[in-house]
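In case you want the letters, here they are:
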Amino acid sequence: MEMLRRSSVFAAEVMEVFDRSPTDKELVSQSKVLCRDYIHSRLHLAGIGWSKPEHGSGGTLAEVSSVLLWLGDELEYLRPNVYRNVARQLNITIASETIVSDAFLAVAAEIFSTGWSMPSLNIHNIHKRVTWGKIVSLYAVAGALAVDCVRHAHPAMVHTIVDCMGEFVRKSLVSWLKRRGGWADITKCVVNTDPSFRSHWLVAAACACGHYLKAVVFYLLREK
């Protein structure tokens, strides 16, 4: 419970930045608040007792969090078995902070890679292939991995995963987010009434599942 509360201290601070262009630091802070919210939701759905942070996201950030969770629900509904038992899929031990961090960051990099070869993990190329579908997929991975960690009595790893999300966003996604005007841009995925836009999102979501599965394969093969 304390791991989630530690992230909530800056939730109020990041709410106000939606009225102006957010800084790199603010975008990273927001990504961690959103990750905490997503993880809390997935722990609740998994039936794991976990108190909601006393100071959750509010204002526009709360709207972004709701949209992210809704899109995550859709993504996981499309492939219900893909975003479960992530630790087992990656064949990792969740008792090690280093292993959990390395695995999450490696999978994150591959999800956003530009091709099928391992050199594509170069983070300087990642921003060219960023989509909201891939970002939602990354949050789904974070949520599922956190559920695995808590179920196996390693709740401290929740904070590790949240920090890893912030680190990946800082290195790889900040420039893309700034060009889109920040995290609030994700709300366009649900407020658009054009049926073709929804179809586009569903296609992107399906593709995101494929990118995640590809990322798992590359992670398992990288040491072989």
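Residues numbered from 1 in each chain as written. Predicted model: local features only at pLDDT ≥ 70, side-chain atom pairs only at ≥ 80, totals over all residues. Heavy atoms only, no water.

Under an unreviewed UniProt entry, the chain has the name BCL2 family apoptosis regulator BOK a and belongs to Cyprinus carpio. For the record of the chain, the UniProt heading Subcellular location (unreviewed entry) holds the text "Membrane". (UniProt positions renumbered as here; feature names shortened; annotations may be inferred.)

Asks: For this particular structure, what's the right way to read the overall build of the chain?
Replies: Helix and strand content of the chain: 10 helices and 0 strands. Counting all 224 residues of the chain, 53% fall into the buried class. For the chain, the proportion of contacts with a sequence separation of at least 24, taken over those separated by at least 6, is 80%. Accessible area of the chain: about 10,600 Å², with a carbon and sulfur share of 54%. (Helix = DSSP H or I, 4+ residues; strand = E, 2+ residues; numbered from the N terminus. Buried < 20%, exposed > 50% of the residue type's maximum accessible area, 1.4 Å probe, protein only. Contact = heavy atoms within 4.5 Å. Areas by Shrake-Rupley, 256 points an atom, 1.4 Å probe, with all protein chains shown as cover.)

Asks: In this structure, what is going on with unusual backbone geometry? I would like to understand it.
Replies: With the exception of glycine, the majority of residues adopt a negative phi angle, and the majority of peptide bonds are in the trans configuration. Backbone geometry at Asn85 places phi at a positive 50°, although glycine is not the residue there. At Ala153, a residue that is not glycine, the phi angle is positive and equals roughly 65°. By the element assignment, Ala153 lies in the loop between helix H7 (132-151) and helix H8 (157-179).

Asks: For this particular structure, what's the right way to read the state of the cysteines?
Replies: Joining two cysteines, a disulfide is a covalent bond between their sulfur atoms. The tally for this structure, following the rule as stated, stands at 0 disulfides. Of the cysteine sulfurs around Cys164, a residue in no disulfide, the closest is that of Cys35, at 9.2 Å. (Disulfide = S-S within 2.5 Å.)

Asks: What is the right way to look at the environment of Met157 in this model?
Replies: Mapped onto the elements of the fold, Met157 is located in helix H8. Residue Met157 is classed as buried on the basis of its relative accessible area, which comes to 8%. C-alpha separation for the pair Met157 and Val100, spaced 57 residues apart in sequence, amounts to 7.7 Å.

Asks: Mind showing me how you'd approach the pattern of salt bridges here?
Replies: This structure, assessed with the given rule, holds 9 salt bridges. As a salt-bridge pair, Arg170 and Glu167 come within 2.8 Å of each other at their nearest N and O atoms. Of this pair, Arg170 and Glu167 both sit in helix H8, 3 residues apart, roughly one helical turn. Judged by its relative accessible area of 47%, Arg170 falls in the partly exposed class. Ionic pairing is found between Arg180 and Asp185, a salt bridge with its closest N-O pair at 3.0 Å. (Salt bridge = Lys/Arg side-chain N within 4 Å of Asp/Glu carboxyl O.)

Asks: Before we go on, may I ask you to explain helix H6 (residues 97-111) in this structure?
Replies: Because each turn of an α-helix spans 3.6 residues, side chains separated by three or four positions in sequence point in the same direction. The end-to-end C-alpha distance of H6 is 21 Å, a good match for the 21 Å that 15 residues give at a rise of 1.5 Å each. All of the buried residues in H6 are Val100, Ser101, Ala103, Phe104, Ala106, Val107, Ala108, Ala109, Glu110 and Ile111. (Expected span 1.5 Å × (residues − 1).)

Asks: Which parts of the structure should I look at to understand H7?
Replies: Between its first and last C-alpha atoms H7 spans 29 Å; for 20 residues at 1.5 Å apiece the expected length is 28 Å, and the two agree. Along H7, 19 of the 20 residues are buried, which leaves the element largely enclosed by surrounding structure. Of the residues trailing H7, Ala153 is marked for its positive phi of about 65°.

Asks: Whenever I open this one, the nonpolar core confuses me. Can you help?
Replies: The tendency in soluble globular proteins is for nonpolar side chains to be buried side by side. Counting residues in hydrophobic clusters, the biggest one holds 61 residues, and the most contacted among them are Phe104, Ile135, Tyr139, Leu145, Ile161, Trp183 and Ile186. Secondary structure elements with two or more residues in this core: helix H3 (24-45), helix H4 (59-78), helix H5 (86-90), H6, H7 and H8. Among the elements that make up this core, the one with the highest residue count is H7 (14 residues). Excluding its chain neighbours within four sequence positions, the residues that come into contact with Phe104 are Leu138, Val141, Ala142, Leu145, Ile161, Cys164 and Met165. (Core = buried A, V, L, I, M, F, W, Y, C linked by side-chain atoms within 4.5 Å.)

Asks: Whenever I open this one, the confidence of the model for the chain confuses me. Can you help?
Replies: Per-chain confidence: the chain averages 77 in pLDDT, with 65% of residues scoring 70 or above. Ranking the elements of the chain by mean pLDDT puts helix H2 (residues 11-15) last, at 46, and H8 first, at 96. For residues 115-127, every residue scores under 50 in pLDDT, and the model assigns this stretch 26 contacts once sequence neighbours within four places are set aside. (pLDDT = per-residue confidence, 0-100.)

Asks: What exactly am I supposed to notice about the packing of H3 against H8 here?
Replies: Helix packing geometry: the angle between the two helix axes and the distance between the axes. Running from amino to carboxyl end, H3 crosses H8 at an angle of 135°, the nearest separation of the two axes being 8 Å. One element, H3, and the other, H8, form an angle in the oblique class. As for how H3 packs across H8, the hand of that crossing is right-handed. Residues Asp24, Leu27, Val28, Ser31, Lys32, Cys35, Arg36 and Ile39 of H3 touch H8, and the partners they reach there are Val158, Ile161, Val162, Asp163, Met165, Gly166, Val169, Arg170, Val174, Leu177 and Lys178. Classifying every residue of the contact of H3 with H8 gives 11 nonpolar, 2 polar and 6 charged. (Axes fitted to C-alpha atoms, helices over the stretch in contact; angles between N-to-C directions. Parallel < 35°, antiparallel > 145°, perpendicular 65-115°, else oblique. Left-handed = near helix turned anticlockwise from the far one by under 90°. Nonpolar A, V, L, I, M, F, W, Y, C, P; charged D, E, K, R; others polar.)

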